[in-house]
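Notes for the structure review
Single-letter residue listing:
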Amino acid sequence: MQQLTLFPESAPTLPVNYYPEFLNKEEADELYQHCQELQWQQNTIRMLGKTMPVPRLECIYGDEGCDYLYSKSVLLKPLPWTSALAQLRDRITAATGYSFRIVIGNQYRSGQDSIGWHDDSEASMGFNPAIASVSLGSVRKFQIKPIGGKPADFWLEHGSLLVMHPGCQSTHLHQVPKTNKVVSTRINLTFRPHVGGKR
Ligand SMILES: O=C(O)CCC(=O)C(=O)O
């Protein structure tokens, strides 16, 4: 698998790996089409005493009972794996050695859809989760920074895989910021472990 280390000098210790052509164009196009059929939902989040729409669409697929609560506010209940998502999960496991029980999809409809600085350390994923993130569609900037440090930028391409290794969620924050550039839809699939649900 071809791997690109994008920031060998400026950020030698980033706990991530980026594989720009994890899927070839045909595979990525086909998966993008499949993702159009997934059950996307507009969730609401409660922050600072206010309820507001999450600035992107979301979906979740995975093992039965592997519910996922984030920001103490948004509860995602997985639908059963589609065969395309299960195949992709197994392929990522074969390539990385990490196992996953859910996949959360994010759909960024325009440059105004985003996800702010955060880590993914929900207890339901267990201690020091590895998270694998596949990008499809328009390229968007993904930023990652050590807590209190400077961000490094990745441009996540159609068919790419970004792996956040165990420990990353305790030491680093990441985001996909808004952009005023005209960009069309981007879909992101984040494969995650889970300690609950039915085995
Ligand atoms: O869209 C992305 O690349 C990142 C998604 C993300 O940060 C998340 O789902 O927690």
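Attention here is on the structure that accompanies the text.

A few points about the site of the ligand
The ligand sits among 13 residues. The nearest are N106, Y108, H118, R186 and R192. Measuring from an oxygen atom of the ligand, one finds a side-chain N or O atom of R186 at 2.8 Å. Here N188 contributes a side-chain N or O atom positioned 3.3 Å from an oxygen atom of the ligand. In the complex, 96% of the free accessible area of the ligand, which totals 300 Å², lies under the protein chains. In a pocket analysis with a 2 Å cut-off to the grid points, the ligand is assigned to the largest pocket. Put simply, the parts of the chain that give the shell around the ligand at least two residues each are β7 (102–108), β8 (115–118), β13 (172–176) and β14 (186–192). Here the shell around the ligand gets four residues from one element, more than from any other, and that element is β14. For the shell around the ligand, the residue count by class is five nonpolar, five polar and three charged.

Regarding the sheet that holds β8
Strand order in this open sheet of four strands is β8-β13-β10-β11, and the pairing throughout is antiparallel. Each having just a single partner strand, β8 and β11 (152–156) make up the two edges of the open sheet. On average, each strand axis in the sheet is tilted by 15° relative to the strand beside it, whichever way the strands run. In the sheet, strand β10 (residues 140–146) pairs with β13 via four bridges, with the strands oriented antiparallel. Note on β13: the bridge partner recorded for I144 is H174.

Some thoughts on the pairing of β10
The element β10 is extensively covered by neighbouring structure, given that five of its seven residues are classed as buried. Where β10 and β11 come together, five bridges link them in antiparallel fashion. Residue pairing across strands places K141 opposite W155, the latter belonging to β11. Two successive antiparallel strands, β10 and β11, enclose a turn made up of five residues, where G148 displays a positive phi of approximately 85°.

Notes on the layout of surface pockets
Taken as a whole, the largest pocket holds about 520 Å³ of empty space. Forming the walls of the largest pocket are 34 residues, and the residues nearest its centre are R56, Y70, I115, G116 and H118. Listing elements by their share of the lining of the largest pocket, those giving two or more residues are β2 (44–47), β3 (50–53), β5 (68–70), β7, β8, β13 and β14. When its residues are assigned to classes, the lining of the largest pocket shows 17 nonpolar, ten polar and seven charged. Its boundaries defined by the atoms lining it, the second largest pocket holds a volume of some 230 Å³. What lines the second largest pocket is L23, E27, E30, L31, H34, A84, Q87, L88 and R91. If you list the elements that add at least two residues to the lining of the second largest pocket, you get α1 (25–36) and α2 (83–96). Each residue belonging to the lining of the second largest pocket can be placed in one class, and the counts come to four nonpolar, two polar and three charged.

Procedures and definitions
Position numbers for residues start from 1 in each chain and track the written sequence from start to end. Whole-chain, interface and lining totals are the exception, using all residues; otherwise, since this is a predicted model, local features are given only for residues with pLDDT of at least 70 and side-chain atom pairs are given and counted only at 80 or more. As a rule here, side-chain values cover all heavy atoms of the structure and leave hydrogens and water aside. Put simply, a residue is near a molecule or strand once any heavy atom of it comes within 4 Å of that molecule or strand. Any pair of nitrogen or oxygen atoms within 3.5 Å is treated as a polar contact; in protein, a donor-acceptor pairing is required on top of that, and neighbouring residues in sequence qualify only through side-chain atoms on both sides. The protein chains shown are the only cover counted for residues, whose accessible areas, like all others here, come from Shrake-Rupley with a 1.4 Å probe. Using a 1 Å grid laid over the protein atoms alone, points where a 1.4 Å probe fits but cannot get out form a cavity; open sets with protein on both sides within 12 Å along at least 5 of 7 lines form a pocket; any residue with an atom within 4 Å of a point counts as lining. Molecule-in-pocket calls rest on the fraction of atoms, with more than half required to lie within 2 Å of the cavity or pocket grid points. Secondary structure is summarised from DSSP: a helix means a run of H or I of at least four residues, a strand means a run of E of at least two, and numbering begins at the N terminus for each. Here the term charged refers only to Asp, Glu, Lys and Arg, the term nonpolar to Ala, Val, Leu, Ile, Met, Phe, Trp, Tyr, Cys and Pro, and the term polar to all other amino acids, Gly among them. Should DSSP find at least two bridges between two strands, the strands are regarded as paired. An axis is simply a line fitted to the C-alpha atoms; with a helix, the fit covers only the stretch in contact. Between two such axes, the angle follows the N-to-C directions and lies from 0 to 180 degrees. To sort residues, take the accessible area from a 1.4 Å probe on protein chains only and compare it with the maximum for the residue type: under 20% means buried, over 50% means exposed, and anything in between is partly exposed. Grid points are joined across faces, edges and corners, and a volume is the space filled by probe spheres set on the points.

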